[in-house]
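Overview (structure and organization)
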Amino acid sequence: MQKMKTGKKLILGLSCAVALTMASTAFAEHGETPTVAIKNAEATIKAAVTGNDLFTEHNDSHHFDAFQTGQTPTLTVITCSDSRVHTQLFGMDPDNNIFVIRNIGNQVKTAEGSVDYGVRHLPTKILMILGHSSCGAVKAAMGDYSGESKGIKAELDTLKPVIAAEDKSGDINGRWSKNVERNVDYQVKAAMELYKEKIQAKELTVVGAVYDFNDLYGKGRGKLVITNINGETTPNKIMDHPVLKELNRGEIVTHVGSLAPAL
Ligand SMILES: [Zn+2]
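Reference entry: report on the structure contained in this document. (Residues numbered from 1 in each chain as written. Predicted model: local features only at pLDDT ≥ 70, side-chain atom pairs only at ≥ 80, totals over all residues. Heavy atoms only, no water.)

Brief notes about the nonpolar core
Residues V115, L127, L156, Y195 and V206 are the most contacted members of the largest nonpolar core, which totals 38 residues. Listed by contribution, the elements that provide at least two residues to this core are β1 (75–80), β2 (98–103), α3 (112–121), β3 (126–132), α4 (136–142), α6 (160–164), α7 (172–194) and β4 (205–212). For this core, the element with the most residues is α7, which contributes seven residues. Residues contacting V206, with those up to four places away along its chain left out, are L127, I129, V188, A191, M192, I199, N228, I229 and N230. In this structure, V77, F213, M239 and L244 belong to the second largest nonpolar core, which totals 18 residues. (Core = buried A, V, L, I, M, F, W, Y, C linked by side-chain atoms within 4.5 Å. Buried < 20%, exposed > 50% of the residue type's maximum accessible area, 1.4 Å probe, protein only. Helix = DSSP H or I, 4+ residues; strand = E, 2+ residues; numbered from the N terminus. Contact = heavy atoms within 4.5 Å.)

Listed below in structure tokens is the structure:
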């Protein structure tokens, strides 16, 4: 538990500048403006350095013994850079267990080399695409982002197929939430095309999920909700997937959901 607290302090310190920048552009957030105080640069770097010192104080040098010469993660995760998606993913000890790729909109194509490394050079068994509620990248892709930088535009352009195929009826927040899930479906599809042989050989399972800190799925705030396994998006069928067999039925029911029909 101590390790998680330490990690949160570090992440809070690093995330504020990003959140401030995002809020002033085409990127938007659900609801009211956050009330957390924004750190200045000096406080931010201090939090990063001392936060990591806390980590080493709570993990003696033997913590590093097992992975001195190489890494053996079995989970590769592509998630959004959004600072609200916690980096101590799922409470697992991430060191040597999770290979993490982050970018705006949790995209495969804009980080293909990194994803390839996780899947082809590491013992990855699960490739997880993790979207999240209130994703600013998805919201920005739904609107006019012509005033953004060249780099941002290039990454939002790759989300166009998701937005082009959406059902335009309904309120903006409802459409946004569904598009988050549909983007996950879209990224799962891209990953399945890249790693078709590994999936067919049952060496790899691609899992799509949403980190739902707004409780849009009714499972509770902050739940990890699985919305797609190897392209299957029907909750009842996902629940029966063999990869979930070590979870009991109650755990499965509270971690599988759907807001939107498949793309
Ligand atoms: Zn996001």
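Brief notes about the pattern of salt bridges
Side-chain pairs of opposite charge can arise where the charged atoms are in close proximity. The full count for this structure, using the stated rule, is seven salt bridges. Salt-bridge contacts for R84 lead to D82; the nearest nitrogen and oxygen are separated by 2.6 Å. Taking the relative accessible area as the measure of exposure, D82 reaches 15% and is therefore buried. For the salt bridge of D240 with R249, the shortest nitrogen-to-oxygen distance reads 3.4 Å. In this structure D240 comes out as exposed when scored by relative accessible area, which is 56%. Here the salt bridges do not stand alone but share partners, grouping E166, K168 and R175 into one network. (Salt bridge = Lys/Arg side-chain N within 4 Å of Asp/Glu carboxyl O.)

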